[in-house]
Amino acid sequence: MLMPRLIPVLLLLNGRLVRSERFDTHQIIGDPLHEVARFNDWTVDELIYLDITREGGLERGRTDSGNRAYGTSMDVLEAVASHCFMPLTWGGRVSSVEHVREIFTRGADKVAINTAAIETPALMGEIANRFGVQALVVSIDAKAKDDGWEVMTRGGRTATGRDPVAWAKEAEDRGAGEILLQSLDRDGRGTGYDLALIEAVSSAVTIPVIACSGVGMYEHYAKGLKAGADAVAAANIWHFKELADRGGKRALQRAGFDVRMP
């Protein structure tokens, strides 16, 4: 049995790292390259970068403060990949096979797609056929409803009418190698994963499910795995707790999971 993975998710908005709450409140953290050096020293299993920029270009910022100026999001990816010594997934605003090819050329190991998968489902098969299913992560953003959940796109702004369980099944059938499952309601709240959502999606597919959204303490990771996730991810906790890799993995060990330690 494979060891469960512990994965930081880093959010990029106009070229700057940010923390997020409910997909609509963002606080600037800093330069995307600074975090890579820290995670190389820590024993994280993978990195996921998601570009959540909605419009406009990259902010130039003040380079005298140590922040690097980037021309495009692909420049950010290339800089990150050149310093990253672990598997790297890149997602956000992916729209074509040509774009995916550039992402891999710039150094990513996997690509995550969300809105494009809903709006152009055939793209999943095209990516899987060209680059292999292991390279395709389909990200599902789910919002709670009275009778379950609904898949959201465009950064949580557009309702699709799609059920995330059914959509995860279709994504697997169309070539997805993994599902990144995010809860819009839990994002940035620190109250724990949506365990019912994780259990429903994980039990419906055979491909790995990466649980995300809601981690506020290390003990939340084990609950996500027990609900059926194959890997556990988080964003904000990595920015505000020292040695978050060791704290998270020790909590998983205490819960009985075998994980890769320093």
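Before reading further, recall that the structure is shown in the block above.
One structure accompanies this document, and this report is about it. (Residues numbered from 1 in each chain as written. Predicted model: local features only at pLDDT ≥ 70, side-chain atom pairs only at ≥ 80, totals over all residues. Heavy atoms only, no water.)

## Quick notes on the packing of aromatic side chains
Aromatic ring pairs are defined here through the distance separating the ring centres and the angle between the ring planes.
Point 1. Under the counting rule described, the total for this entry stands at 2 aromatic pairs.
Point 2. Ring centres of Tyr49 and Trp90 lie 6.0 Å apart, and the angle between their planes is 15°; on these two criteria the pair is classed as stacked. Within this pair, whereas Tyr49 is found in strand β4 (residues 47-51), its partner Trp90 is found in strand β5 (residues 88-91), the two being separated by 41 residues in sequence.
Point 3. Classification of Trp90 by relative accessible area gives buried; the value is 2%.
Point 4. When the centroid spacing of 5.0 Å and the interplanar angle of 65° are considered together, the rings of Phe104 and Phe131 count as edge-to-face. Of this pair, Phe104 sits in helix α3 (residues 97-105) while Phe131 sits in helix α5 (residues 122-131); the two residues are 27 residues apart in sequence, bridging distant segments of the chain.
Point 5. Residue classification places Phe104 among the buried residues on the basis of a relative accessible area of 18%. (Phe/Tyr/Trp six-rings, centres within 6.5 Å; stacked < 30°, edge-to-face > 60°. Helix = DSSP H or I, 4+ residues; strand = E, 2+ residues; numbered from the N terminus. Buried < 20%, exposed > 50% of the residue type's maximum accessible area, 1.4 Å probe, protein only.)

## Some points on the pairing of β4
Point 1. For β4, a buried count of 5 out of 5 residues is recorded, marking the element as mostly surrounded by other parts of the structure.
Point 2. Neither face of β4 is open: one carries Leu47, Tyr49 and Asp51, the other Ile48 and Leu50, and all of them are buried.
Point 3. With 4 bridges connecting them, strand β1 (residues 5-13) and β4 associate as parallel partners. Following the sheet pairing, Leu11 is matched in β4 by Leu50. (Pairing = 2+ DSSP bridges.)

## Quick notes on the side chain of Glu172
Point 1. Within the fold, Glu172 resides in helix α6 (residues 164-174).
Point 2. Despite its burial, Glu172 remains without a salt bridge, the nearest opposite charge being carried by Lys169 at 8.8 Å.
Point 3. Side chain to side chain, Glu172 and Thr206 meet in a polar contact 2.2 Å long. (Lys, Arg positive; Asp, Glu negative; His and termini not counted. Salt bridge = Lys/Arg side-chain N within 4 Å of Asp/Glu carboxyl O. Polar contact = N/O pair within 3.5 Å; in protein donor to acceptor, adjacent residues only side chain to side chain.)

## Let's talk about the nonpolar core
Point 1. Within the largest apolar cluster, 72 residues are counted, with the highest numbers of intra-cluster contacts made by Tyr49, Ile113, Val138 and Tyr221.
Point 2. Among residues more than four places away in sequence, those in contact with Val138 are Ile113, Ala117, Met124, Trp167, Ala171, Ala176, Glu178, Ile179 and Leu180.
Point 3. With 14 residues, the next largest nonpolar core counts Val9, Ala112, Ile210 and Ala231 among its residues. (Core = buried A, V, L, I, M, F, W, Y, C linked by side-chain atoms within 4.5 Å. Contact = heavy atoms within 4.5 Å.)

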